[in-house]
Structure formats: C-alpha cells, structure tokens
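Listed below, chain by chain, are the residues.
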Amino acid sequence: MGKWTRRAFVTTGILAGGVLAVGVAIRPGNRKLKVAGLVAGEDETLINLWLKLGPDNIVTAIVPHAEMGQGVHTTLAMMLADEMDADWSLVRVLEAPAHPEYANYALAKGYALGDQSFPSWLLPTVDGFFLQATKMMNLQITGGSTSTPTTGLHAMRVAGAAAKAVLLQAAATAWVVPLSELRAHNSVIHHDASNRSAPYAEFALGAAELDAPVLPRLKSTEEFGIMGTNVQKFDIPAKVDGSAQFGIDASLPGMKYATVMAAPVFGTQLETVDTAAIQDMPGVRRIVNLGDAVAVVADGYWQAKQALDRLPVQFTASDAGKREQSDIFQQFSADLDDAIAQGREETDLNKGDARAAIAKADRIVEAEYRVPYLAHAAMEPMNCTAWVHDGVCELWLGTQNPLGFAADVAKAIDFDQENVLVHNQYLGGGFGRRAFSDYAIQAARIAVDSPYPVKLIWSREEDMRHDHYRQASISRFKAALNDAGMPVAWENQFVNKHDPVEAPYIPYGIDNQFIHFAESKTHVPWGFWRSVDHSLHAFFTESFIDEVAVAAGKDPYRYRRDLLSGATRFRDVLDLAASKSEWDRKLAENWGRGIAIHKSFGTIVAQVAEVEVIDGKVRVQRVVCAVDAGFAIHPDGMKAQMESGIAYGLTAALYGDISIGRGAVVQSNFHDYEMLRMNEAPAIETYILNSGEAIGGAGEPGTPAIAPALANAIFDATGKRIRELPVKLHDLRVPGHSAKDVA
Amino acid sequence: MMKLKINGEPREFDVDPATPVLWVIREQAGLTGTKFGCGIAQCGACVVHLNGSPIRSCVTPVKAAEGQEITTIEGIGNANRGLHAVQQAWIAEQVPQCGYCQSGQIMSAIALLRRNASPTDAEIDTAMSGNICRCGTYPRIRQGIKAAARAIAATAEDSGNG
C-alpha cells in the first residue's frame, strides 16, 4: 500500500497554487486541484479524484477506506482497474488522505437512497449534494460492510470507466482518428486501422483536460476481466516480513511514550492522584491528569507502565459503582415487563395481528434468550502517536473514521479541524472499535502541552476495560402454530435497538408479526461490534425458529425451507449450505449439527455447524458456509472474510463474556476473556453463490449466523438448548454420555 | 549496558535489566515487526527466537537474554534478501488479514518446522495454540505450515539429489 507523505500534506498550498496547476495541467477550479498535491507525485497525473496515472503507465487507485485485513484496498482497486481495462500488473493502491474531498459521499448516498439509479442530468446535482452532506458529517468511514457496495460501485467503477473514456477521447484527438476506431486493452490504446498503439500514460495530460463523463457505461458481469478473479492482495507481502506499519509502529524523533488508566467505573472521575509517589521513577517525564483518566509519560512504554501501576489514585464514587451484571439483566427484564404492562411497547415491525393470533392459538412456543456484553479485543491495543507543533496536531494511528477523528480531536484541543492531520496506518484489527476516537483524543490532550511527540499505548487491560461494548440484551419470543405445526404468528420483544434497523427481522413467511422493544439505558458505553445488532438478533431469531421447528416435530432445515417459499434467494443459499454439509448424513455418537441463515449488509449467509460434545466440552469440528453477496469481486477474499467472521462469532459464542462488577468491567486480558485458538478452530468450507443481485458486504455477514448454528448443533448433540451465551456458562454433560461411551 | 546479538548484529542498550526484550527490540533497536498484544504471555504477538527457540518477549527480561542471540521477524527474510519458505507459503495461501499477529505466528511456525519437518495437525495445534489471531486465519495458517513443510522437504531433496 502506498502512503501519502507528510511533506505532501504540509506543502499542499504551494503545490496547489503553482506547480501543479501548470505541471499537471488541471484547470483552476477543478476539484482535482485541491487534492492533487496530496496524492500525485512528480510527473503523475490525477485523472480524477480516485485515480492517478504515472509516466511509467502505473495506475494508482486512490481508496478512501482503511485496510484492516478485509482486503478493501485490493477489492476496490480491482473494480477500478477492470472498468479501466488496466493491466493489473501495473496497478497500485494509495489510501486517500483524511481530506473532505474523499469523504465517502458514495457511502452516504448508498445509505440514504439505497441502490437507486439516477438520470444522468441529475447526477452532478445528487453527487454534489451528498458530497457536501458527507463533508459536513465528516464521513470517511470504513464500516458497515459498505466499502465494496457503495464506494466500489459509485466511485471506483465509475472512476475507472470514466478514466478510460477520457483517455480514449484524448487519443482520438492526438491521433486525429474517430473515437469509434479505438480500443483499450491492458493499459494500452490501439488503433488497429493504422496499426498504432500507445500506453495510457501518453494521453494522461490530454485526458486530464477533458470533462469525464458523469455516467460512463459500466461493464456487465460477462465483461469482467479482473473482477471475480483471485488476484494477490496488495497488503500481504508487507505483513509477512514485519515491514507493515501499524499505528503502534509510528516513530518520530524525540518521541516519548505514554500509557493511561481511566476511571474503572464508566462516568466517574479522578479524585486524587499522588504524583509525588512516582515522579522520580526512572524515565518518568510527566503525569497528566485528564479528568477521567491519568497518563504517565516516560522514555519508554515499560517505564510508563511500571510507574502507572504504582501511582496511588482515587476515583469519585457513583451509583453506577454499585452495579453488578445481574442488576443490569434484572433491569432489562423489569423494563420489558413494564413496557407490556403499561402498553408502551416501541413498535419495530407490525403486520397482521400477532397478539390476536397467539390469543386464539392452541399451540404456543415461548422462549427467552440473553447475550452478554462483548469487547472487540483487536490484536493491536488502542494507540495513537500525537505531535503538536507549529499550530498543527499530527496524529499517527489506525482509524476507521479519519475525518471524524480529526473533527473530534480538533474539538477536544480547541484547534481548527484543518490543523489536525490524520496519518492513517494499517489497523491491527478494527471490528468497529476503531470508529471511536477516545484514544486519539487522549493522545492529543497529552501531546498538546508536550515539547515532544507522544506515543500513547493502552495496555491490554485498559483496552478490555475501556472498550465500547456490544450490548448485552434480552429477547423474548412467542410463536403460535397451526394444526400443521407451521407458525401463524411471531411476537418478539427485546431491549435496546441500535443498528441496522432490519437486524431483528426474519425472512420467513409468517402472516402475523409483532416485533417491539423497550429502551433500557445502562452506564456501559455502546459500540459498533462486527455486524452490530445482527450479532445478537441472528442468535435470537435463528435459535427460536429452531425451537419452533423442534416443537413442531420437524427437521430444522426443511422447516425453514418451507417458510422460505416466498424468498427464493434465501432458500437457494439455505439449500446450498444443507447440500454441501450432507445434511442427512448420519453423524457419530455425541455429534450434532445445526443450521442458521441470516441476511446482513445485503449479503445472505447460511451456515451448518457440526459439533462433538465429549464430557461436556464442545468442539466445533466443521462449518459449512454458503454465501450470496450478489457477486463476489474477489472470491478468495470473500472466503477469507467468511472464515474470519465465523472465527470472530464462534469466539464470542463459546467464550465471550464481558461482565460488570461494582460498576466496572471484570475481565482484563486474554486469560479471562478467552479467544478461539488454533486447536479449537474448525475446518471451514465456504461456497459462493453469485445470484447477480445488488452487491452486498463481506466483512460482517459471516458473523451473525454462527452463534445460532452452534447452539442448534449443541441441542442436536445433547438435547440442551442454549438460551444464554456464551456456551461456556452451561453444563453440557449428558448423563450416561462420556468419553468412554465413544470408545 | 545490556549486550545482545539481534539478527546477527551485536548491540548494546542502556536499559533497566528488568525491561522486557519486547520493548528493547521495538523502542531501542527500532525493530517494530515484533508486536505488543497482551503483556502477559497469552497471545504470542511478541514471539521472537532466543538462540533459535521461540520465547514470549513481552515477559522475558532483557537480563535473561544478555549475551545471547535474538532473532526477530526482520532477521527471517524479506523481498530483497529472499523470503523464508514459511513467508512464501503465507503469501501463497494469502494468510494475513489485519496482519498484526502474523510476525508472531510466523516465528512460532518456523520454530515448529525446525524441530519437526512434517508436523501432523495435532502437532500444529500444540505448537500454534499460543498464538491468537482475532481475524481467524487459523485454517490458512495450518495450510501455510503444511505448504512450507512440503517446500522445505522438496528443496532438501533437490539439494540432496544435486
């Protein structure tokens, strides 16, 4: 991955005012002018906001998204290069600087307007409107599995196709031949009639003078040359030899190191700090009181940590400091009860009359589920290097939202946003955590009074205890069955609704549905966590439909299938997972299998988990995953994201449990917040179905279905229904079953 | 002064002898390929080799490594000097995602293959279960180790025949 240089950022003004306007031949007033100095090197031509072309015919895709292992740089470059008919071996990628011109207006447009197409005469207006709107919202976000569906479609493909169009036009002018006689292939333009050919680079300056078409023709799937292939990912070589630069690897002359401890109970403050106790410890430079946290700055991280561990600190008391996890679940239950008793349910979805159908049904199935808080536990603990000098605050870190961070930091240290420069590095895991700017604000506040750059590194303990957590929740269900055992009504009530809206919705054809919720606030900070609300609701809904199937005496796969007769896209994915898993094959003693299906971020995923339970210990042996994201741009990357989403979801389902004790997070490190490890990782088979529907996301949709697939498999193996996660809380030993029986 | 040999080069560091090797490597020697993950020997992001054997550098005081040979990921290979068979296999299998844990994974894998040229799945489990990957690249790490083992065996056979 290329990186724009600090020099380039700092010297933009000079370049934009002089050299570039002449050297790159972009007319004044062109939007490209403002950013050319940031992204274009010597002799390179910025063809449009997203693409530059070098004299060596190297095409560089400028990608406004952070690479955190999801392969976004590669996937988006593929989309651009394919439309451009570029020679893939000459394609590079550069992460866009945190600049308002690179705000993902495509993302905002995707959110606000779905996948609507616009007439060409309207598009400049629509784009202009959304660019303004996204600038104001500081949206340069990587999250919501939106990069490929939105930026990829609305920016990268359009940019590639438009670039090809203007290059062809420039060639037609230069050679004085009709445009229709030219063809482009592998970054070369050919005029077969005169047997002439020349690389794209020859026409770069001419192309940059032209107005690119706003709505160039995009390729149909059959015309794809690069999309749909398994090219090697750009970021991998640097990740096998230690050279990849993550936020924590930033290095500046004279840099000092800081570490921090925030008040353990969320919302409380420092009361007393006895700085005298540690100020003479080796290497200690400063002790900084941040109000709700205290930081020690020292010559090295270890010295800072040693001193912080010995710092006598007292925190203010609060009612939250008396709260236990059981209190929180009791509060949720009480708020759910009250909502119904007082008739103030917040309606999420209501069709037919579920309550009337349930009231007159002979057969009702009921269940209540709960899930705990979860931390992200990205492998790279939160960190940020800040350097305040000459009226600017420069930040080196990994973030999913560089512009938003710049805005937050500017506000915290009272700087103009344009004087906060974010240098985004590789992210050592994001999963939603690196969309929250708390660690960057801390670093900037420490650095603002420091004569040297400060690298703030959170300990793992701090990372786990001051996360923004996937919410704990309770969800209650009632289903009414008809004489044939099929559900005629579905009522679901849960606490605390966040995003996305559709997370609790089911794909099944049930006439009467009432889905409602109650808000029940706690003092625990909420955060986006891989797949967000889908991570809990898929567990709830896909566990419950399994219970309903069992109550009806039906096979869980075929029962779902019958309910999907009106949703053929879902049914096809379900069928693929079932057939590849050989659903009807008899399993060995102590084994079980479970199925689940869930759509999130435009992508449908069905998974079959096979487990073996010996002496109460669950071992997930195999996961079969079927996925329909419309079209997989990078099939191996899609598989990698399914493998990753499954491991992330399995870790949470088996072990993940952040609990509150005396108002603070009890867990602190990987010994008590356990991770799936190599010896527990199942074999995963992923099968891709390209339905041709609108392209969906990849980074998150692998996660939601695995928890219910696992729980349903455990039920199949043991007869025990997991209604509360994580699985480790449950005694799964079955009387009479033991390791000896297996032998 | 603490004397160490890092990637074959003799180095001296003016640090507290209790300082973990991890921070000497990263902050004093400027070799940032070795990562901080947990600080309590739970995750394996900090694995380096001490005299060829894998250690958790986050809990190993520099005093314990004094006068000895440390190898970090930077000493294993790169595109210019040539990649180790494990690194090549990691690229071929497209193992890394976020990549943060992969230096430690590769150091553990190389140590495994040094003492066991053809590990079984169970032996891979034992050797690699101390390295956490939050992106869940375990199936590809397993394939990568097997591919590297085959490549190393093929090279040995070629040189044996030649």
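Residues numbered from 1 in each chain as written. Chains lettered and ligands numbered in written order. Predicted model: local features only at pLDDT ≥ 70, side-chain atom pairs only at ≥ 80, totals over all residues. Heavy atoms only, no water.

How would you sum up the overall build of chain A? Please name residues and give values.
Counting its secondary structure elements, chain A contains 21 helices and 27 strands. Counting across all 743 residues of chain A, residues that qualify as buried make up 62%. Relative to all contacts within chain A whose residues are 6 or more apart in sequence, the contacts with residues 24 or more apart total 75%. When the accessible surface of chain A is summed, it comes to about 26700 Å², and 51% of that surface belongs to carbon and sulfur atoms. (Helix = DSSP H or I, 4+ residues; strand = E, 2+ residues; numbered from the N terminus. Buried < 20%, exposed > 50% of the residue type's maximum accessible area, 1.4 Å probe, protein only. Contact = heavy atoms within 4.5 Å. Areas by Shrake-Rupley, 256 points an atom, 1.4 Å probe, with all protein chains shown as cover.)

Go over the overall build of chain B with me, naming the residues and quoting the values.
For chain B, the helix and strand inventory stands at five helices and five strands. When the elements of chain B are put in sequence order from the N terminus, they spell out β-β-α-β-β-β-α-α-α-α. Burial statistics for chain B: of 162 residues in total, 59% are counted as buried. For chain B, the share of sequence-separated contacts (at least 6 apart) that also reach a separation of at least 24 residues comes to 54%. When the accessible area of chain B is evaluated, it comes to approximately 6200 Å², of which 48% is carbon and sulfur surface.

If you had to explain helix 3 (residues 102-115) of chain B to someone new, which residues and values would you point to?
An ideal rise of 1.5 Å per residue puts 20 Å on 14 residues; helix 3 of chain B measures up with 20 Å between its terminal C-alpha atoms. Among the residues of helix 3 of chain B, Gln102(B), Ser103(B), Gly104(B), Gln105(B), Ile106(B), Met107(B), Ser108(B), Ala109(B), Ile110(B), Ala111(B), Leu112(B) and Leu113(B) are the ones counted as buried. (Expected span 1.5 Å × (residues − 1).)

Please set out the packing of helix 16 (residues 534-551) of chain A against helix 17 (residues 556-563) of chain A residue by residue, giving values where relevant.
Residues and elements named next belong to chain A. Contact geometry of helix 16 with helix 17 gives a least axis separation of 9 Å together with a crossing angle of 105 degrees. On the basis of the axis angle, helix 16 is roughly perpendicular to helix 17. Along its contact with helix 16, which presents Glu-542, Ile-545, Asp-546, Val-548 and Ala-549, the element helix 17 presents Pro-556, Tyr-559, Arg-560 and Leu-563. A class-by-class count of the residues in the contact of helix 16 with helix 17 yields six nonpolar, no polar and three charged. (Axes fitted to C-alpha atoms, helices over the stretch in contact; angles between N-to-C directions. Parallel < 35°, antiparallel > 145°, perpendicular 65-115°, else oblique. Nonpolar A, V, L, I, M, F, W, Y, C, P; charged D, E, K, R; others polar.)

Can you tell me about the nonpolar core, naming the residues and giving the values?
Residues and elements named next belong to chain A. Residues Val-618 and Leu-710 are the most contacted members of the largest nonpolar core, which totals 159 residues. With nine residues, the single largest contributor to this core is helix 19 (residues 635-654). Filtering out sequence-adjacent residues up to four positions away, Leu-710 remains in contact with Ala-609, Val-611, Val-618, Val-620, Leu-650, Ala-653, Leu-654 and Val-727. (Core = buried A, V, L, I, M, F, W, Y, C linked by side-chain atoms within 4.5 Å.)

So what's going on with the side chain of Ser437(A)? Which residues, and what values?
Relative to the helices and strands, Ser437(A) is located in the loop between strand 17 (420-424) and helix 14 (438-447). Classification of Ser437(A) as buried rests on a relative accessible area of 8%.

Describe in detail the sheet that holds strand 5 (residues 69-71) of chain B, supporting the description with residues and values.
Residue and element names in this part refer to chain B. Taking strand neighbours across the sheet as the criterion, the five strands line up as 2-1-5-3-4 in an open arrangement whose pairing is mixed. Looking at the sheet topology across the chains shown, the edges are occupied by strand 2 (9-13) and strand 4 (53-56). If you compare each strand with its neighbour and ignore which way they point, the axes differ by 40 degrees on average. Sheet topology places strand 3 (residues 47-50) next to strand 5; two bridges connect them, and they run antiparallel. Across the sheet, Leu-50 pairs through a bridge with Ile-70, a residue of strand 5. Of the strands in this sheet, strand 1 (2-6), strand 2, strand 3 and strand 5 are in contact with helix 1 (residues 21-28), which crosses strand 2 at around 100 degrees. Its contacts with the sheet place helix 3 against strand 3, strand 4 and strand 5, and it is angled at close to 40 degrees to strand 3. (Pairing = 2+ DSSP bridges.)

How would you sum up the state of the cysteines? Please name residues and give values.
Residue and element names in this part refer to chain A. Taken as a whole and assessed by the stated rule, the structure comprises zero disulfides over all chains. Of all cysteine sulfurs, the one in Cys-393 lies closest to Cys-384, which takes part in no disulfide; the gap is 7.6 Å. Judged by its relative accessible area of 0%, Cys-384 is buried. (Disulfide = S-S within 2.5 Å.)

Go over the interface of chain B and chain A, please, and point to the residues and values.
The interface of chain B with chain A comprises 52 residues on the first partner and 57 residues on the second. Carbon and sulfur atoms supply 58% of the area buried between chain B and chain A, which totals about 4400 Å² over both sides. Linking chain B to chain A there are four salt bridges. Where chain B touches chain A, the interface holds 24 residue pairs in polar contact (both at pLDDT 80 or more). The set of elements that each furnish at least two residues to the side of chain B that touches chain A consists of helix 1, helix 2 (85-92), helix 3, helix 4 (121-128) and helix 5 (138-161) of chain B. Examining the composition of the side of chain B that touches chain A, we find that five residues originate from one element, helix 5 of chain B, more than from any other. Taken together, the residues of the side of chain B that touches chain A sort by class into 26 nonpolar, 17 polar and nine charged. (Buried area = accessible area lost by both parts, 1.4 Å probe. Salt bridge = Lys/Arg side-chain N within 4 Å of Asp/Glu carboxyl O. Polar contact = N/O pair within 3.5 Å; in protein donor to acceptor, adjacent residues only side chain to side chain.)

Got a sec to walk through unusual backbone geometry? Specific residues and values, please.
Residues and elements named next belong to chain A. A cis amide bond, omega -20 degrees, links Asp-499 with the succeeding residue Pro-500. Inspection of the secondary structure puts Pro-500 in the loop between strand 20 (487-495) and strand 21 (512-518). Each neighbour pair has its own omega, and for Leu-725 with Pro-726 the value is 0 degrees, a cis peptide bond. We note that Asp-85 has phi near 55 degrees; this positive angle belongs to a residue other than glycine. Along the chain, the position of Asp-85 falls in the loop between helix 5 (72-84) and strand 4 (91-95). With phi around 75 degrees, Asn-590 is a residue other than glycine that occupies positive phi space.

Give me the lowdown on the pattern of salt bridges, citing residues and values where you can.
Considering all chains together, one arrives at 45 salt bridges over all chains under this definition. Two residues, Lys35(B) and Asp249(A), come together in a salt bridge whose shortest N-O distance is 2.5 Å. One end of the pair, Lys35(B), is in the loop between helix 1 and strand 3; the other, Asp249(A), is in the loop between helix 9 (204-209) and strand 8 (256-262), on a second chain. Note on Lys35(B): relative accessible area 2%, which makes it buried. In this structure Asp249(A) comes out as buried when scored by relative accessible area, which is 2%. With its nearest N and O atoms 2.6 Å apart, the salt bridge here joins Asp584(A) to Arg558(A). Taken as a pair, Asp584(A) in the loop between helix 18 (568-580) and strand 22 (591-600) and Arg558(A) in helix 17 lie far apart in primary sequence, 26 residues in all. Linked by salt bridges that have partners in common, Glu582(A), Arg585(A), Glu610(A), Arg622(A) and Glu685(A) make up one network.

Lay out the sheet that holds strand 3 (residues 59-63) of chain A in plain terms, naming residues and giving numbers.
Residue and element names in this part refer to chain A. Reading across from one edge, 1-2-3-4 is the order of the four strands in this open sheet, with mixed pairing throughout. One side of each edge strand has no neighbouring strand; the edge strands of this open sheet are strand 1 (45-48) and strand 4. On average, each strand axis in the sheet is inclined to that of its neighbour by 30 degrees, with strand direction left out of account. Here helix 5 sits on the sheet and contacts strand 2 (51-53), strand 3 and strand 4; the angle it forms with strand 3, its principal contact strand, is near 130 degrees.

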